Amino acid sequence: MEVPDWAQVVAAATRAPSIHDSQPWQFVAAPDRLDVFLDRDRALPVLDPTARQQVISCGSAVEFAVVALSAAGYDGEVYLLTDDGDPDHLATITLTGRREPTEEDRTLAETIGHRHPVGAALQPRAVPTGLADRLQEEGHPYGTWVTPVPEPAELAAWLRGESSGGDVVPDGPDAPPGEGTRPIVVLLGADGDDRYAWLQSGRALGRLLLVATAEGLAASPLTQVLDRPAVRARIQARLSLAGPPQMLVRIGRPPEASGAESKPRPVGEVLRLVPAAG
Ligand SMILES: Cc1cc2nc3c(=O)[nH]c(=O)nc-3n(C[C@H](O)[C@H](O)[C@H](O)COP(=O)(O)O)c2cc1C
């Protein structure tokens, strides 16, 4: 099989969102596979002591690589956390053959370079009808659930600890929008709360961001508000979710003028090419 242009695939992967723009990934490409590793040198021990958010970030990078491969005409299987003794070896994409890229493959791949910067103030305009349903469907193939927050104002108040008196989640830019604005807020998670669940959630996040961008929307992942396991467990219980939420995603109409874009690490810094095994 023709070898993919791995530099191009990894360049796409490095456009994925990452907690604090830490870009905590390293890639190793052989002719028929791409391995994705957590880059310990980029760890955020205070902000992200369990690496939950960095593993989610790497999950998004895996998904961006898959999207780039599909658009370049390659089919692949994704394996998460193959037990090879290296806990930082998060994923392997094994090429399985060629494919004719679909219109959607191409659109999503083009979207990778046109994502709206995270954190922009969203316009108070309605999002397309049925968006929440569509996003729920997009999450299924990853074993994740996506659920709109039924009462954003109520959840925001509760996240702030106003009605719980327990763990306090910071107010401010990370708080979901209140009533009167039209962006939507969804919670996203898997069944568990381990690296596997974080990777699945990251992959679904990557997909959601691209689907939303292709719809002309901006989407911001917000996970810091959910960083304490107790907060995640409490939301799971309150909303009867299948697992603890891994992130909030705010989706809405982007502002007219875009803000500053983040700068991906150079591909040469994150990609190592190796010969075929055996
Ligand atoms: C797992 C994860 C958690 C994030 N949490 C937050 C957050 O709590 N608040 C925020 O403003 N941005 C958050 N972000 C967005 C990042 O700050 C953003 O992706 C990064 O700065 C790179 O910018 P870009 O996505 O526009 O390329 C998060 C991103 C990821 C992947």
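Quick note: structure is the one above.
Residues numbered from 1 in each chain as written. Predicted model: local features only at pLDDT ≥ 70, side-chain atom pairs only at ≥ 80, totals over all residues.

1. Remarks on the overall build of the chain
The helix and strand tally for the chain stands at eight helices and nine strands. Burial analysis of the chain (278 residues in total) assigns 43% to the buried set. Taking the contacts inside the chain whose residues are at least 6 apart along the sequence as the reference set, 76% of them involve residues at least 24 apart. (Helix = DSSP H or I, 4+ residues; strand = E, 2+ residues; numbered from the N terminus. Buried ≥ 20, exposed ≤ 12 C-beta atoms within 10 Å, placed from the backbone. Contact = placed C-beta atoms within 7 Å.)

2. So, the site of the ligand
The ligand sits among 18 residues. The nearest are Pro17, Asp21, Thr223, Gln224 and Ser262. A total of four residues in the shell around the ligand trace back to one element, the largest contributor, which is helix H2 (residues 52–71). A per-class count over the shell around the ligand returns seven nonpolar, nine polar and two charged. Two domains each donate at least three residues to the shell around the ligand, and these are domain 1 (6–115 + 262–273) and domain 2 (131–252). (Near = placed C-beta within 6 Å. Nonpolar A, V, L, I, M, F, W, Y, C, P; charged D, E, K, R; others polar. Domains from an automatic or database assignment.)

3. Section: the sheet that holds strand E7 (residues 218–222)
As summarised here, the arrangement of the four strands in space is E5-E6-E8-E7, forming an open sheet in which the pairing is antiparallel. Edge positions in the sheet fall to strand E5 (145–148) and E7, since each has one partner strand and no second. For this sheet the average axis-to-axis angle between neighbouring strands, irrespective of direction, equals 25 degrees. Where strand E6 (residues 184–189) meets strand E8 (residues 245–252), six bridges bridge the pair, whose relative direction is antiparallel. Counterpart to Val186 in the pairing with E8 is Val249. Contacts between helix H6 (residues 195–214) and the sheet are confined to E6, E7 and E8, with E8 contributing the most and set at about 5 degrees to the helix. (Pairing = 2+ DSSP bridges. Axes fitted to C-alpha atoms, helices over the stretch in contact; angles between N-to-C directions.)

4. Some points on the sheet that holds strand E4 (residues 89–98)
Taken in spatial order, the five strands make up an open sheet running E3-E4-E2-E1-E9, and their pairing is mixed. Of all strands in the sheet, those with a lone pairing partner are strand E3 (74–80) and strand E9 (271–273), marking the two edges. Averaged over all adjacent pairs, the angle separating strand axes in this sheet is 20 degrees, with direction ignored. The pairing of strand E1 (residues 25–30) with E9 spans three bridges and is parallel. For Val28, the partnering residue across the bridge sits in E9 and is Arg272. The strands touched by helix H1 (residues 6–13) are E1, strand E2 (33–38) and E9; relative to E9, the strand with the most contacts, the crossing angle is about 160 degrees.

5. Considerations on H1
Of all the eight residues making up H1, six are buried; the element is thus mostly covered by neighbouring parts of the structure. On its buried face, H1 sits against E1, E2, H2, helix H3 (103–112), helix H8 (267–270) and E9.

6. Observations concerning H2
Over its 20 residues, H2 runs 29 Å from end to end, which matches the ideal 28 Å to within 8%, given 1.5 Å per residue. Of all 20 residues in H2, 19 are buried; the element is thus mostly enclosed. Once H2 ends, the next one or two residues include Gly73, with phi positive near 90 degrees. (Expected span 1.5 Å × (residues − 1).)

7. Considering the nonpolar core
Inside soluble globular proteins, nonpolar side chains tend to come together where they are buried. In terms of nonpolar packing, the biggest core is built from 68 residues, with Ala12, Ala65, Val67, Ala68 and Val186 touching the most fellow members. Each of two domains, domain 1 (6–115 + 262–273) and domain 2 (131–252), supplies a minimum of three residues to this core. Ignoring anything within four residues of it in the chain, the contact list for Val186 reads Ala132, Leu135, Val146, Thr147, Pro148, Val149, Val249 and Ile251. (Core = buried A, V, L, I, M, F, W, Y, C linked by C-beta atoms within 7 Å.)

8. As for the pairing of E8
Buried residues dominate E8, accounting for eight of its eight residues. Relative to E8, E7 runs antiparallel, the two being bridged by five bridges. When the bridges of E8 are listed, Pro221 appears paired with Val249.

9. Structural notes on the packing of H2 against H3
As a packed pair, H2 and H3 sit with axes 8 Å apart at the nearest point and diverge in direction by 130 degrees. In terms of their interaxial angle, H2 and H3 are classed as oblique. Seen from above, H2 lies across H3 with left-handed handedness. For the pair formed by H2 and H3, the contact residues are Phe64, Val67, Ala68, Ser70 and Ala71 on the first element and Asp105, Arg106, Leu108, Ala109 and Ile112 on the second. In terms of residue class, the contact of H2 with H3 is made up of seven nonpolar, one polar and two charged. (Parallel < 35°, antiparallel > 145°, perpendicular 65-115°, else oblique. Left-handed = near helix turned anticlockwise from the far one by under 90°.)

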